[in-house]
Each structure stands twice: as C-alpha cells, then as structure tokens.
Amino acid sequence: MPHAIISPSVLASDFGQLTAECKRMIKNGADWLHMDVMDGHFVPNITMGAPILTCVKKGVPDIFMDCHMMVAQPEKWVDDIAAAGGALYCFHLEATSDPLALIDLIHGKKMKAGVAISPDTPSSAITDQVANAADMLLVMTVYPGRGGQKFLDRCLPKVADLRARFPEKDIEVDGGVGPSTIDACAHAGSNVIVAGTAIFNAPDPEQVITLLKATVNTAQAHAAAQRAQQ
Ligand code: DX5
Ligand code: ZN
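Quick caveat, the model's predicted, so the values are computed rather than measured.

(A) Highlighting the overall build of the protein. From N to C terminus, the protein includes nine helices and eight strands. Its C-alpha atoms give the protein a radius of gyration of 16 Å, within 12% of the compact-globule value 17 Å for 230 residues. When burial is assessed residue by residue, the protein has 52% of its 230 residues classed as buried. Contacts in the protein between residues far apart in sequence, at least 24 positions, make up 66% of those at least 6 positions apart. When the 18 basic and 25 acidic side-chain charges of the protein are each reduced to a single mean position, those positions are 3 Å apart.

What follows is the structure, given as structure tokens:
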C-alpha cells in the first residue's frame, strides 16, 4: 500500500532564505520538498534551476528534492538536476515526445522518474507502459505556473482512474491542496501531497502536515481493506 508522503512546495517559501525554509519544513514533518523548476517556456514564469538546487542540497544534505520540471525539452536538464542532488525528476508528458526514453535517461542518473499531466491532459494519455516504467504519476490540480490558485476538482477523476489502474504506484497531486481539499484528494487515491500556500502560510505548518498525512493514511488503509475484501 503506498503510504502518505507530504511534499511542501517551496514556491510559497521565502526564496531569500530557501535553505532555512527547507530545514524548517523538515523539522515540521515534511517528507520531501517540492522544488518547482520553471523555465519561462513551458510556463510563463521563471523560478530556479540546478545552481540553486545545488546550494540547497549543500545546506540540507538529507533533503529529498522532488523536482517538478515545468520546462520545455525536459531531456535537457536531467544531467544538471542529477548533479545538483535531485532525488526525483518529474517531467510533463506534454513536453516530450518520448517519455519512455526520458524515464530511462532519468533512471540512468539514479533518480526516480515522475510523469506529470496538466489539467487538460486526460489520464488515458499515460499509457500502461509509461506508468509501469515511472516511479510516480503527478496529476496537476491547477494549471502549472504559479502558486495560490484555486483547486480544480474536475481533475480528481483522473487520480481515481490512475489509482484503479495502478494500486501500488505513488500518485501525487499538486495545486490548491490543503486542509479543505485533502479529503477529496485522499479519497480519489493520491498519496503524495504537494501543498505550497496551505503549509507555508499556516501559523502552524506542523499541524497542517500532520493533518494531510493522517487523512491520506486513513484513506489508503480503508481502500486497502476494501480491496482485500473483494
Ligand atoms: C504550480 C506548482 C505548484 C504550486 C502549488 O505551478 O506546480 O507546486 O506551488 O502551490 P499551492 O499549493 O499554493 O497551489
Ligand atoms: Zn509543482
């Protein structure tokens, strides 16, 4: 059964103190840190790239960097992100014509491979072959590009479809996720939870992380018990 993983999105952090912000989140119970890399091409915004991730890894050696690559030509950055200490390289399916070759490239650099789909991409675009090769699937619940957007619940049937097809796979949701939307995400079957605003802007981030994790673990245990009965 896939267990709950909470990955606060640093897009909502104080970038001027990124290393300290990552340490603060780990202290508050974060499992991973979600690093939003944007290149100004795949999305209009520009955030950070491998040089900044290198510094973060140096300052926080134990960090698991869940790198969300909102970039055109994702093949181009695999080497640099691996060298920077990225643990998971999640590319957008919309940005590549050969996802299987890209997954191989990522695995060759000893990183986990994630495949992301934007709100307008159907879950059927992720073939069984691609999903089986990948370590994680990311269903975006906002349009990629900025934090603090409203959660799109019309994306949840895609999570449910992927969970039905791949009961053991890590399935991540990203965008507008927080205490008011976690029930629906957990029920649909996601177990890797990204939250930016909801965690970084909270007066008590630890409380939010604990709530998100508990909600997912309860839903996963419930689903596993139901599967066992069938
Ligand atoms: C959006 C990013 C998200 C974003 C989530 O393009 O991929 O990771 O930071 O932020 P919130 O949780 O504020 O929607
Ligand atoms: Zn993201």
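Once you've had a look at it, read on.
(B) Molecular detail of the coordination of the zinc ion (ligand 2). Donor atoms from the polypeptide that coordinate the zinc ion (ligand 2) comprise H34 (NE2), D36 (OD), H68 (ND1) and D174 (OD), at 2.1 to 2.2 Å from the metal. In terms of primary sequence, the donors binding the zinc ion (ligand 2) are separated according to H-x1-D-x31-H-x105-D. Here H68 is found in strand β3 (residues 65–70), whereas its partner D174 is found in strand β7 (residues 170–174), with 106 residues between them in sequence. Accessibility classification places H68 together with D174 in one group, the buried group.

(C) Expanded view of the pairing of strand β1 (residues 5–8). The side-chain alternation of β1 yields two buried faces, one formed by I5 and S7 and the other by I6 and P8. Inspection of the sheet shows β1 paired to strand β8 (residues 192–195) by four bridges, in the parallel sense. Counterpart to I6 in the pairing with β8 is I193.

(D) Representation of the site of ligand 1 in the model. In the neighbourhood of ligand 1, 20 residues make up the surrounding shell, with G145, D174, G176, G196 and T197 lying closest. In the model, an oxygen atom of ligand 1 is placed 2.7 Å from a nitrogen or oxygen of the D174 side chain. In this structure, T197 approaches ligand 1 through a side-chain N or O atom, which is 2.3 Å from an oxygen atom. Relative to its free-state accessible area of 380 Å², ligand 1 is covered by the protein chains to the extent of 99%. In terms of residue class, the shell around ligand 1 is built from seven nonpolar, 10 polar and three charged.

(E) Just the UniProt feature "binding site: substrate" (unreviewed entry) in the protein, in detail. Within this numbering scheme, the UniProt entry marks S9, H68, G145, R146, G147, G148, G176, G196 and T197 as carrying the feature "binding site: substrate" (unreviewed entry). Take G147: it is sitting in the loop between β6 (136–140) and α6 (156–165). A relative accessible area of 46% means that G147 is categorised as partly exposed. Beyond its immediate chain neighbours, meaning those up to four positions away, G147 contacts L11 and T197. With respect to the element layout, G176 can be found in the loop between β7 and α7 (182–188).

The rules behind these values
- Residues numbered from 1 in each chain as written.
- Chains lettered and ligands numbered in written order.
- Predicted model: local features only at pLDDT ≥ 70, side-chain atom pairs only at ≥ 80, totals over all residues.
- Heavy atoms only, no water.
- Helix = DSSP H or I, 4+ residues; strand = E, 2+ residues; numbered from the N terminus.
- Rg over C-alpha atoms; globule rule 2.2 N^0.38 Å.
- Buried < 20%, exposed > 50% of the residue type's maximum accessible area, 1.4 Å probe, protein only.
- Contact = heavy atoms within 4.5 Å.
- Lys, Arg positive; Asp, Glu negative; His and termini not counted.
- Charge placed at Lys NZ, Arg CZ, Asp CG, Glu CD.
- Donors = N, O, S within 2.8 Å, 3.2 Å for Na, K, Ca; no water.
- Pairing = 2+ DSSP bridges.
- Near = heavy atom within 4 Å.
- Polar contact = N/O pair within 3.5 Å; in protein donor to acceptor, adjacent residues only side chain to side chain.
- Areas by Shrake-Rupley, 256 points an atom, 1.4 Å probe, with all protein chains shown as cover.
- Nonpolar A, V, L, I, M, F, W, Y, C, P; charged D, E, K, R; others polar.
- UniProt positions renumbered as here; feature names shortened; annotations may be inferred.

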